[in-house]
There are 2 protein chains.
Amino acid sequence: MEIKTPTLIIDKGKALKNIQKMSDKAKKSKAELRPHFKTHFSAEIGNLFKAEGISKCTVSSVSMAKYFAAHGWTDITIAFPYNLLEVGDINALAGKINLNILLESEESLEHAQKNIKNPFGYFIKIDVGTHRTGIDPRNGSLIERLVKGASGKSAFIGFLAHAGHTYGCRDFESIKWIFDGSVKVLSELKNKFGGIISYGDTPSCSIMDDFSFADELRPGNFVFYDFMQHRIGSCSIDEIALCLASPVVAIHKERNEVVVYGGAVHLSKEMIKEKNIFGKEHSCYGKMVTLSGDGWETTVLGNVERLSQEHGIIKLSDEEIARVKVGDVIGILPVHSCLTADLQGHYLSTKGERIEKMTK
Amino acid sequence: MEIKTPTLIIDKGKALKNIQKMSDKAKKSKAELRPHFKTHFSAEIGNLFKAEGISKCTVSSVSMAKYFAAHGWTDITIAFPYNLLEVGDINALAGKINLNILLESEESLEHAQKNIKNPFGYFIKIDVGTHRTGIDPRNGSLIERLVKGASGKSAFIGFLAHAGHTYGCRDFESIKWIFDGSVKVLSELKNKFGGIISYGDTPSCSIMDDFSFADELRPGNFVFYDFMQHRIGSCSIDEIALCLASPVVAIHKERNEVVVYGGAVHLSKEMIKEKNIFGKEHSCYGKMVTLSGDGWETTVLGNVERLSQEHGIIKLSDEEIARVKVGDVIGILPVHSCLTADLQGHYLSTKGERIEKMTK
């Protein structure tokens, strides 16, 4: 395939394997997989899930729900706190598909019940320790009022949690600790109030095995994975299913640096702390690999250590930099696939086919 | 105006004042302003510059050059190292407009001369200390070969530098130190080899006054500014000409936090280190302000301390959080306007008019 500018390449074979692996895991625990589509934004990637028999999905915005509903998805949870300003669009969607929204206050429940005229479901968002959104599980009286508040067109579906604090973990034990705590909290709520348990963050869904406590799983990132997930322990490098192809535009051997066309507007400024080949700690915005005829090799050659709007600066050893020339196209494994995917107008498959996605 | 989702508001009045101020400064030094359009990506914002008599611009990619050429800009410098893979598009552009490219190696000059059939100009990129791209000014022999290499359709225009290391400065003295060093280096090159001096980074163009050493200035960010520029000392808060309107979707009084619909896909993950109102150091992704009928107030109420894909978490005092309710729309002054602007499909003016921009 001919690459001239920064282009996100998707290995559909790897993505499909990631989907199958997670789907098998969910089936083994008798939990339904309702994958989060905020990672890929693409009806075509959604079809890979459909082919695996998956018929429900999760999104993080009303606009994303509209996009996937328009592409044939008829059961969608918007896993983001109910934005009452978008009630018109939410009501219209609820008239077309099975729609679940996310609530964490009585004001929001009342607003939704008053203004959504079509039947809808709602999850109560539980804060299992991430402290981003959700109700403290010890606040039983509020939870009870929200459970019992269901009436008319609104149905209480269950409890939804995202243990996003696993993203800070770097070993099995700390993820297990978060996971076990979340299982306990959510199981107690289900025992007390009924409803289903919807659980999902890519690290715990990738690393843990027994999800029999949950009724559904909502991981998203696992379809592509990325270097942050590899660092957490969620995936091997060869399970990472996307790679930014980036043209080399300048070489500075005197400081072991290659400059690529591939910057913050292509990769995002998400970073992890790393040590480079010279032992120096720095921000890492991606990992350089070699592109091959049908994808990319999985040996990491160097780190993207600095990133400005269009430039990426990669540090390489003397040996590696000697192999690179201006006009080459190298690969970069992103730190965070969701944010990198968001920045693209479209993707290419490893066979060079254009893959459309939702745009802004 | 009716805001339902995260929306970037542009105060065209402030942007115009920022343009006029920089234009006046350039005129006083008899330097031509060739503003960098990588900040706004918008033909309509470009027209604000045209109204000030500015007829040349700078861009950071071939696609951006094509967009602005299609919108009537006939003299464009692509201030990014020559990407030889895009030579077809570059050649086509050079047939339509006055096009300058950026070179830093003999290989690139030879490639351009061999493959660009239409007349084009080239700048030699000089590294004045940022160590991102460019030639070490002490490498006189390479510079001489590039200057003297001009032939046929290729014209040597001059020396171009971007003192991007001013972004790490937080006081006048350190910016002046970088500026004085750059002036010396570039003036020596001009004296020796001829050509013009093209200089530009928003911090030094905003803070310094005498640019008589330069033939043209290329700042970009100044049209909108942002909180990073305010921190550097380039602008006052009331000169910041853009603000992300963000709906409030959840409130957590127990930890003084408001959750807004406005995340990494709207603001970017660019951040500065800050202390919050409780004295704790954290990453700051934006500054909360109050939206008003015709724009926003300039009192900062709190910081966006955490950011995930769609969520922003803002820390507020007891007093401030008491004023906020779910369904309100608050404003966020971005840390880095260029990356925030890149993430939008379009902008709104403070009067609610839609402002189109280049999309991906």
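Since the structure is predicted, the reported quantities are computational estimates derived from the model, not experimental observations.

1. As for the interface of chain B and chain A
Thought 1: On the side of chain A, 52 residues touch chain B, which itself brings 52 residues to the contact.
Thought 2: Buried surface at the junction of chain B and chain A, summed over both partners, amounts to about 4300 Å²; 58% is from carbon and sulfur atoms.
Thought 3: Counting across the chain B and chain A interface gives four salt bridges.
Thought 4: Here the residues of the side of chain B that touches chain A sort into 22 nonpolar, 16 polar and 14 charged.

2. Some words on the domain arrangement of chain A
Residues and elements named next belong to chain A.
Thought 1: Domain annotation of chain A identifies domain 1 (12-226) and domain 2 (237-356).
Thought 2: A straight line from the C-alpha centre of domain 1 to that of domain 2 covers 32 Å.
Thought 3: Listed by partner, the interface residues are 19 residues for domain 1 and 21 residues for domain 2.
Thought 4: Broken down residue by residue, the surface that domain 1 buries against domain 2 is led by K14, F224 and D226, which jointly contribute 38%.
Thought 5: Linking domain 1 with domain 2 are one salt bridge.
Thought 6: K21 is the salt-bridge partner of E239, the closest N and O atoms lying 2.7 Å from each other.
Thought 7: Summed over the shared surface of domain 1 and domain 2, the result is nine residue pairs in polar contact (both at pLDDT 80 or more).
Thought 8: Considering every element that reaches the side of domain 1 that touches domain 2, the biggest residue donor is helix α1 (residues 12-28), with five residues.

3. Quick word on the packing of helix α1 (residues 12-28) of chain B against helix α2 (residues 43-51) of chain B
Residues and elements named next belong to chain B.
Thought 1: Between α1 and α2, whose axes approach to 9 Å, the crossing angle comes to 45°. If you check the angle between α1 and α2, you find them oblique. Considering the relative orientation of α1 and α2, their crossing is right-handed. Contacts from K12, A15, L16 and I19 in α1 reach E44, L48 and F49 in α2.
Thought 2: Broken down by class, the residue content of the contact of α1 with α2 amounts to five nonpolar, no polar and two charged.

4. Some points on the pairing of strand β13 (residues 281-284) of chain B
Residue and element names in this part refer to chain B.
Thought 1: With four bridges connecting them, strand β12 (residues 272-275) and β13 associate as antiparallel partners. Paired with K273 across the strands is S283, a residue of β13.
Thought 2: Here β12 hands over to β13 after five residues, with G279 in that stretch at a positive phi of 80°.

5. Points about the packing of helix α3 (residues 62-70) of chain A against helix α4 (residues 87-94) of chain A
All names here are of chain A.
Thought 1: Direction vectors running N to C along α3 and α4 enclose 30°, while the axes themselves pass 10 Å from each other. Our classification of the angle between α3 and α4 gives roughly parallel. The handedness of the crossing between α3 and α4 is left-handed. Within the contact between the two elements, α3 uses V62, A65, K66 and A69 and α4 uses D89, I90 and L93.
Thought 2: Taken together, the residues that form the contact of α3 with α4 break down as five nonpolar, no polar and two charged.

6. Details of the sheet that holds strand β3 (residues 57-59) of chain A
Residue and element names in this part refer to chain A.
Thought 1: If you walk across this open sheet you meet the eight strands as β2-β9-β8-β7-β6-β5-β4-β3, and the pairing is parallel. With one partner strand each, in any of the chains shown, β2 (32-33) and β3 form the two edges of the open sheet.
Thought 2: As paired elements, β2 and strand β9 (residues 216-217) share two bridges and run parallel to each other. Bridge pairing links E32 to E216 in β9.
Thought 3: Packing against the sheet, helix α6 (residues 140-148) makes contact with β6 (120-125) and β7 (154-161), and its axis sits at approximately 175° to β6.

Thresholds applied
- Residues numbered from 1 in each chain as written.
- Chains lettered and ligands numbered in written order.
- Predicted model: local features only at pLDDT ≥ 70, side-chain atom pairs only at ≥ 80, totals over all residues.
- Heavy atoms only, no water.
- Contact = heavy atoms within 4.5 Å.
- Buried area = accessible area lost by both parts, 1.4 Å probe.
- Salt bridge = Lys/Arg side-chain N within 4 Å of Asp/Glu carboxyl O.
- Nonpolar A, V, L, I, M, F, W, Y, C, P; charged D, E, K, R; others polar.
- Domains from an automatic or database assignment.
- Polar contact = N/O pair within 3.5 Å; in protein donor to acceptor, adjacent residues only side chain to side chain.
- Helix = DSSP H or I, 4+ residues; strand = E, 2+ residues; numbered from the N terminus.
- Axes fitted to C-alpha atoms, helices over the stretch in contact; angles between N-to-C directions.
- Parallel < 35°, antiparallel > 145°, perpendicular 65-115°, else oblique.
- Left-handed = near helix turned anticlockwise from the far one by under 90°.
- Pairing = 2+ DSSP bridges.

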